[in-house]
Structure formats: structure tokens, C-alpha cells
Amino acid sequence: MKRFSFLLTTSLVITLLIYSCTSTVTDIQLTSTERIVVSGLLIADAPLRNIQISRTLPPLDTFTVDRVFIGDAKASITVDGQTIALRLQAQTPADTLANGKPAPRRSFYEAPGLTVQAGKTYALRVEWQGKVATAETVVPAAPIVEQSRLTFSRTSEFTTNANVFLTGDTTKILTKNGMIAVVPATTAVVTLSIRARSTEMYRVFSFIVRDSQSRDSLGGDAALGVQNAQSGASASSGTVTLRQTISLVKRFPSFILPARIYPPTASGALIVQAADSAYYDYVVSNARANSGNNPIGAEGINPRWNVKGDGIGLFIGTSQTRLSVRP
């Protein structure tokens with residue numbers, strides 16, 4: 001009898017567990033506080049524009065550009081004791097999608113006629129529906145690259161693309177586990193020594209490798225270098241070292257070709273960026289937002305951004321140095 005009672009209880013528990021796993025929960029309401037969201041880079045010697053001012057959405061809402069759009073913010077920039085009102089930027093013919101249709105209009109703001117200058121402090125103030133967000137940044141001078149080194153090596157890159165067509169370099173096709181191509185690739189590595197300033201961070205903003213013989217041109221964009229970003233505050237001997245690696249393989253929708261880039265006919269074109277160290281604080285703390293908790297809540301796991309008050313986001317002064325390096 002006891003055994004029967006135990007089996008019956010166990011059966012009921014399993015049934016409840018299965019039911020709870022398969023039932024649909026609806027009408028969930030998660031509490032959140034609406035915030036102003038600021039995303040802006042001030043680039044030395046460039047017009048002060050493209051400061052995006054938008055808003056947060058409740059955690060389970062579907063994001064669209066239209067839903068976060070703020071077109072009536074009262075925003076201003078203060079520099080050298082002068083306050084300049086920001087205005088909503090007009091849509092331009094360049095704001096189009098690949099299919100030719102107009103892109104969704106983002107709420108970008110600008111300061112007409114104002115050019116960003118290195119060494120100056122810019123303070124932002126945004127007012128919208130009773131909320132106030134503020135931020136301040138110093139625009140650094142252009143980074144000084146004291147030494148640079150570019151090296152190349154031949155490596156292999158794997159792809160699971162079943163429609164592989166290769167010419168030139170030796171390529172192996174392995175039939176095990178589907179079609180796996182061992183694609184010959186050129187790996188380029190650039191190492192930079194940068195004179196450090198304590199309130200700044202540095203990163204490789206763009207890295208493009210060109211071959212004067214084959215006219216190949218491969219490289220990366222602004223996504224490069226964030227993982228290699230370094231703060232001047234942690235510099236030893238007055239310098240920071242950045243190292244960026246890219247695998248040079250041409251990719252197409254249906255096939256891959258190895259890059260024809262070899263020294264000594266190759267060179268690298270780089271953009272090195274200096275930024276207010278508040279951006280470094282954001283980079284090293286950004287992973288905390290992926291812990292599964294409410295990203296706009298009060299658990300203390302949010303990234304460290306420099307927008308304060310009723311806002312979140314980044315308002316960062318930057319400057320750039322362009323250089324060419326050879327092996």
C-alpha cells in the first residue's frame with residue numbers, strides 16, 4: 001500500500017511538472033521605468049550632429065525605430081560658457097535602404113554651424129516629458145602612434161559552405177560531416193604603440209589591407225578593436241599597445257576565395273581612435289547586461305554609461321589618426 005501511495009504521489013508530481021512546462025503564460029507585466037536614451041559621438045574637426053535621442057520600451061515590447069523616436073526633445077550643448085540649442089535633423093536622400101525605399105527616420109539631433117574641437121568640454125542636457133538627462137565629455141587630441149608593425153602569415157580557415165569553388169591555392173574538400181573546405185587564408189597582424197594620456201582610451205577603429213600587385217583590398221570597420229581597447233589610465237611606461245588581427249578571405253554568397261595578399265606588396269591602412277575614457281568604462285562593463293536580469297532595472301548590473309539623471313547611454317568625445325603601415 002505504501003509503495004502504491006509513493007507511486008501515485010510521484011505520478012502526480014511528474015504530471016504537474018509536465019503541465020507547468022507546456023502551459024502558456026500570458027499577460028505578463030514587468031515593471032520598468034521609461035528612460036531617455038542618448039547615443040552620440042563627438043568627432044574632432046567634424047560637425048556636431050547625429051546625436052541620437054530616443055527612449056526605452058517596456059522589456060517585452062517589440063522594438064521598432066518609430067516606437068523609440070523622440071522628435072520633440074528640448075536639447076542643448078554647452079561649450080566655452082555658451083549654450084547652443086540642438087534641432088532635429090532632416091531626412092536626407094542618403095537615408096535609403098538597399099531596396100531604394102526610405103529608411104526609418106531616427107531621432108538624430110544636431111547643433112547647426114558648430115564644429116567639434118579637441119581639448120574642449122561639451123555638456124549635453126536633454127528635457128523630454130518631465131525627464132532630464134545630462135552628460136559631459138572632453139574631446140581628446142588625436143592619438144599619437146609612436147611605433148607600428150605589420151606582419152603576415154599563411155593559415156587555414158574552415159567553412160561549412162557546401163557550394164565551395166576555389167581557384168589558385170591548394171584546397172582540400174573533406175566529405176566527412178558534410179562539405180568542409182580548408183581555405184587558405186592570409187592573416188594580417190598590426191601592433192601599435194600609442195603614447196598614453198590618462199583620461200583617454202584607444203582602439204583600432206578601422207583596419208584595411210591592400211595589395212598593390214593584385215589590387216585586393218580587405219579589412220574591417222568600426223567593429224574592429226573594441227576587444228583590444230585600452231585605457232590610458234592603465235598604461236605602463238607612458239604607452240599602451242594595441243594588437244589587431246584579421247583573416248583575409250574573400251567571402252561571397254555561394255563561394256569563398258582566398259585573398260591574394262602577400263608581403264612585400266601589401267600594406268595596411270588604419271584609423272586609430274582616441275576617446276573619452278568613459279567609453280572604456282562602458283566596454284569593460286557591457287557584458288554585465290547579459291546576465292539575464294532586467295537591463296534597465298536597479299540590480300546594479302547595468303553597463304557604466306556617462307549619461308546621468310533620467311537617461312542612459314553614451315555621449316563621447318573622440319578623435320582619429322590615420323596611418324599607413326608596411327611589413
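Residues numbered from 1 in each chain as written. Predicted model: local features only at pLDDT ≥ 70, side-chain atom pairs only at ≥ 80, totals over all residues. Heavy atoms only, no water.

Before going further, it helps to spend a moment on the overall build of the chain. A tally of helices and strands in the chain yields 3 helices and 19 strands. Within the chain, the fraction of its 327 residues that count as buried is 36%. By sequence separation, contacts in the chain at least 24 residues apart represent 69% of the contacts at least 6 residues apart. Just so you have it, the chain exposes about 18,700 Å², and 54% of that area is on carbon and sulfur atoms. (Helix = DSSP H or I, 4+ residues; strand = E, 2+ residues; numbered from the N terminus. Buried < 20%, exposed > 50% of the residue type's maximum accessible area, 1.4 Å probe, protein only. Contact = heavy atoms within 4.5 Å. Areas by Shrake-Rupley, 256 points an atom, 1.4 Å probe, with all protein chains shown as cover.)

Bringing the nonpolar core into the picture now. Leu 42, Leu 48, Ile 77, Leu 86, Tyr 122, Val 126 and Phe 315 are the most contacted members of the largest nonpolar core, which totals 27 residues. When contributions to this core are tallied by element, the ones reaching two or more residues are strand 1 (36-43), strand 2 (51-55), strand 3 (74-79), strand 7 (121-128) and strand 8 (131-138). The dominant element in this core, judged by the number of residues it contributes, is strand 7, at 4 residues. Look past the residues within four positions of Val 126 in its chain and what remains in contact with it is Ile 36, Val 38, Ile 53, Ala 73, Lys 74, Ala 75, Lys 131, Val 132 and Ala 133. Within the second largest apolar cluster, 25 residues are counted, among which are Leu 192, Val 209, Leu 218 and Ala 259. (Core = buried A, V, L, I, M, F, W, Y, C linked by side-chain atoms within 4.5 Å.)

Each neighbour pair has its own omega, and for Pro 263 with Pro 264 the value is 5°, a cis peptide bond. Looking at where Pro 264 falls in the secondary structure, it is placed in the loop between strand 16 (256-258) and strand 17 (266-276). Here Asn 50, not a glycine, exhibits a phi torsion of approximately 60°, which is positive. Here Asn 50 lies in the loop between strand 1 and strand 2. Since its relative accessible area comes to 36%, Asn 50 is described here as partly exposed.

Quick look at the pairing of strand 4 (residues 82-85) now. Alignment of strand 3 against strand 4, held across 4 bridges, turns out to be antiparallel. The residue bridging Val 79 from the neighbouring strand is Gln 82, located in strand 4. What sits between the antiparallel neighbours strand 3 and strand 4 is a turn of 2 residues, in which Asp 80 has the positive phi angle 55°. (Pairing = 2+ DSSP bridges.)

Among the secondary structure elements, Val 65 is positioned in helix 2 (residues 65-68). When its relative accessible area of 13% is taken as the criterion, Val 65 is described as buried. Leaving out residues up to four positions away in the same chain, Val 65 has contacts with Pro 104, Arg 105 and Arg 106.

For the rest of this paragraph, the subject is the pairing of strand 3. Successive residues of a regular strand alternate their side chains across the two faces of the sheet. Summarising the sheet, strand 3 and strand 7 pair through 5 bridges and their orientation is antiparallel. If you follow Lys 74 over to strand 7, its bridge partner there is Glu 127.

Ala 278, Tyr 279 and Ser 285 are the residues of helix 3 (residues 278-285) that are buried. Looking straight down helix 3, one finds its buried side chains confined to an arc of 140°; they lie on one side. Where helix 3 is buried, its residues contact strand 12 (200-211), strand 17 and strand 19 (311-325). (Arc of directions from axis to C-beta.)

Summed over all chains, the structure comprises 9 salt bridges. Taking the shortest distance from any N to any O, the salt bridge between Glu 127 and Arg 125 comes out at 2.9 Å. The partner of Glu 146 in a salt bridge is Arg 195, with the nearest N and O atoms 3.0 Å apart. Pair noted here: Glu 146 is in strand 9 (residues 145-159) and Arg 195 is in strand 11 (residues 180-195), with a separation of 49 residues, a long-range link. The class for Arg 195 is partly exposed, based on a relative accessible area of 41%. Shared partners join several salt bridges into a network, and the residues in it are Glu 34, Arg 55 and Lys 131. (Salt bridge = Lys/Arg side-chain N within 4 Å of Asp/Glu carboxyl O.)

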